[in-house]
Each structure stands twice: as C-alpha cells, then as structure tokens.
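A closer look at the structure
As a plain string of letters, each chain reads:
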Amino acid sequence: MNDWRPRLLALDIDGTLYDESYDISPRVEAAVRKVADEGVHIVLSTGRGLVGTRPLAERLALPDPYLVCSNGAVTVRLHSDAEPDQQVEFIDVVTFDPEPVLQLLLQRLPGVLVAVEEIGIGYRVTAPFPPNELSGDYRVEPIETLMAKPVTRVILRQPSSEAEEFLDVIDRVGLQDVAYYIGYTAWLDLAPKGVSKAHGLAKVADLLGVSYEDVLAIGDGNNDVEMLSWAGRGVAMGNATAEVQDSADDVTETIDEDGVALELSRWFDLG
C-alpha cells in the first residue's frame, strides 16, 4: 500500500464535503482542486439529485466530471463547454415502479411527506418539505400522480416523528423489492433494487479504464456503505456512525477537522 495512489476519487457531499451550513471548508476545497489538477478523476457520489449536485461540481471547476447522483440511480457526465441543452450526458438512469412499496408504507406512516425525483429539475411532492431539505424546484401533486410512472428515487419524510419511531416502522415493514437508505432524521430514500453509489461508480470506473482497486472513496452516511466496501480504499469520516466506519478500510477525522483534506494528504503533496 506504500506505493499506492488513487486514480479515481469518489466523494460523498453532505457530511463529507458540505457541513451543516451547506458549505465546504477552504482547506478541503483547495485539496480537492489540487488532486484534480494532478489528473485524478474526481467523482461526486451522492444521494443528492442532479440539480443539487451540479453546483458543487461547477464550484470546484472539475473538468467534464462524472456525477453519481440519487444514490447511484442517475449517473451523468457534464460538458461545460457544450451548448446548454447538451451539457448533461446521461450515462445510466435506473427507474422502478414506486406504487407497491408506497402503498405498503403509506398504510403505516399516516401523514408522511412523499417526493419523487424529476431529474435535473427537482421533485414532485405531496406537500412542501421543511426548508432547505430538497434541492431544485418542486411541484405539489396528488399521491396517485406521483405513483403513476417509474421513477429514479422516492423520498419519505415525517417531520412530526422522532427518528427512532420512524425507523421502527421501516424495520417492521421489511422492505425487500427496493434499495433503501435511512437518514439521520425521519427520512427514507427508496431506490431501484440493486442500485447504490457503488453501482454508478463501477460504470464510471469502467468507462475510464480504472480498476476498483485504484479508487479512493470517502463518505459518512448509511448510503455510503456499499461504496466504501467496493472501493480499493474506502474511508469513513470521523463523524460517521459506527456501522459506516466498520464498513470502511480506515477512518479519517470529522468534517469539522477537514477529514477529507487529511486523507488526501496521505497520497498527494497538497503544499
């Protein structure tokens, strides 16, 4: 491992790059830019939709980057110099029928908020979510309309419930026909079965001719477990839960301590 150096760097956003104020520290931003300047492929790999991921890629000035969005259901490449309607190249989009699982969950979670993704736009929702929880535009529609066609992602949110109460209901339901990721609050992400961040990253690595052994992945959430296990080196943030840390090869410092920059300094001269 002493002479190992990553060829592809996969980075989660929230809790890894972005702090609670939805900003990135100057030290971490400089470190990521430095690694990109050295020719390493930087892939933002996130539960965020495309509309919530693209601004960070543009801020970091990543050269025609690949983005793994919506927990791996949407993988794209950005072409900043192309015409506006040609700047997003879709590499992989995976959908599923949301009606069966929603019918099951709605019976047990009365009053739950539901959102389905509209790629590159935002979400269609049953009612407005708490401020700053969804990126992009949203449109309120009846639940029957939200369930009427295949989607890439469904979010369930119950602001009136404690996280433990919400998670207890999810555990008792026993979801089997979808992939799902539980947030730190009363928040549930549903994705197509078999889809994860690792799914999208594997497609990107294959296109770039990069082995998984040459991938460094850094993340903090439950939706990062597959990614950290798949990558040649998976690193959990110090602020990650014990389960996430156990899935990783190593643990760096917390986001408040610039854990991403500290991990990158092991492999690159950041100056």
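Residues numbered from 1 in each chain as written. Predicted model: local features only at pLDDT ≥ 70, side-chain atom pairs only at ≥ 80, totals over all residues. Heavy atoms only, no water.

Taking an unreviewed UniProt entry as the reference, the protein chain is identified by name as HAD family hydrolase belonging to Tenggerimyces flavus.

Description of the overall build of the protein chain
Cut-off, in case you're wondering: Only DSSP runs of H or I with at least four residues qualify as helices, and only runs of E with at least two residues qualify as strands; both kinds are numbered from the N terminus onward. Both definitions apply: the radius of gyration is a C-alpha atom measure, and the globule rule equals 2.2 Å times residues to the power 0.38. Residue burial is assigned from relative accessible area. The probe radius is 1.4 Å, only protein chains are included, and a residue is buried under 20% of its type maximum, exposed over 50%, and partly exposed in between. Contacts between residues were defined by any pair of non-hydrogen atoms, one from each residue, lying within 4.5 Å. Only the protein chains shown count as covering a residue, and every accessible area follows the Shrake-Rupley method with a 1.4 Å probe. We score Asp and Glu as negative and Lys and Arg as positive, and we do not count His or the chain ends. Every charge is mapped to an atom, namely NZ of Lys, CZ of Arg, CG of Asp or CD of Glu.
When its secondary structure is counted, the protein chain shows nine helices and 14 strands. Computed over the C-alpha atoms, the radius of gyration of the protein chain is 18 Å, within 12% of the 18 Å expected from 2.2 N^0.38 for a compact globule of 271 residues. C-alpha atoms of the protein chain, sized along the principal axes, occupy 55 × 45 × 30 Å. Out of the 271 residues belonging to the protein chain, those deemed buried represent 52%. A separation threshold of at least 6 residues defines the contact pool for the protein chain, and within that pool the share at least 24 residues apart is 57%. In the structure as shown, the protein chain presents an accessible area of about 12,300 Å², 46% of it carried by carbon and sulfur atoms. Charge separation in the protein chain, taken as the distance between the mean sites of 21 positive and 47 negative side-chain charges, equals 3 Å.

A look at the pairing of strand S9 (residues 154-157)
Stated precisely, the cut-off is as follows: For two strands to count as paired, DSSP must find a minimum of two bridges between them.
Neither face of S9 is exposed, since Val-154 and Leu-156 on one face and Ile-155 and Arg-157 on the opposite face are all buried. Pairing between strand S6 (residues 113-118) and S9: four bridges, direction antiparallel. Across the sheet, the residue bridging to Val-114 is Leu-156, located in S9. Here S9 runs beside strand S11 (residues 187-192); their pairing, made up of four bridges, is antiparallel. Within the sheet, the bridge partner assigned to Ile-155 lies in S11 and is Asp-189.

Things to note about the sheet that holds strand S8 (residues 137-140)
Stated precisely, the cut-off is as follows: To obtain an axis, a line is fitted to C-alpha atoms, over the contacting stretch when the element is a helix, and the angle between two such axes runs from 0 to 180 degrees between their N-to-C directions.
Reading across from one edge, S8-S7-S6-S9-S11-S10 is the order of the six strands in this open sheet, with mixed pairing throughout. Of all the strands in the sheet, the pair left with one neighbour each is S8 and strand S10 (178-182). Taken pair by pair, the neighbouring strands of this sheet meet at an average axis angle of 25°, ignoring direction.

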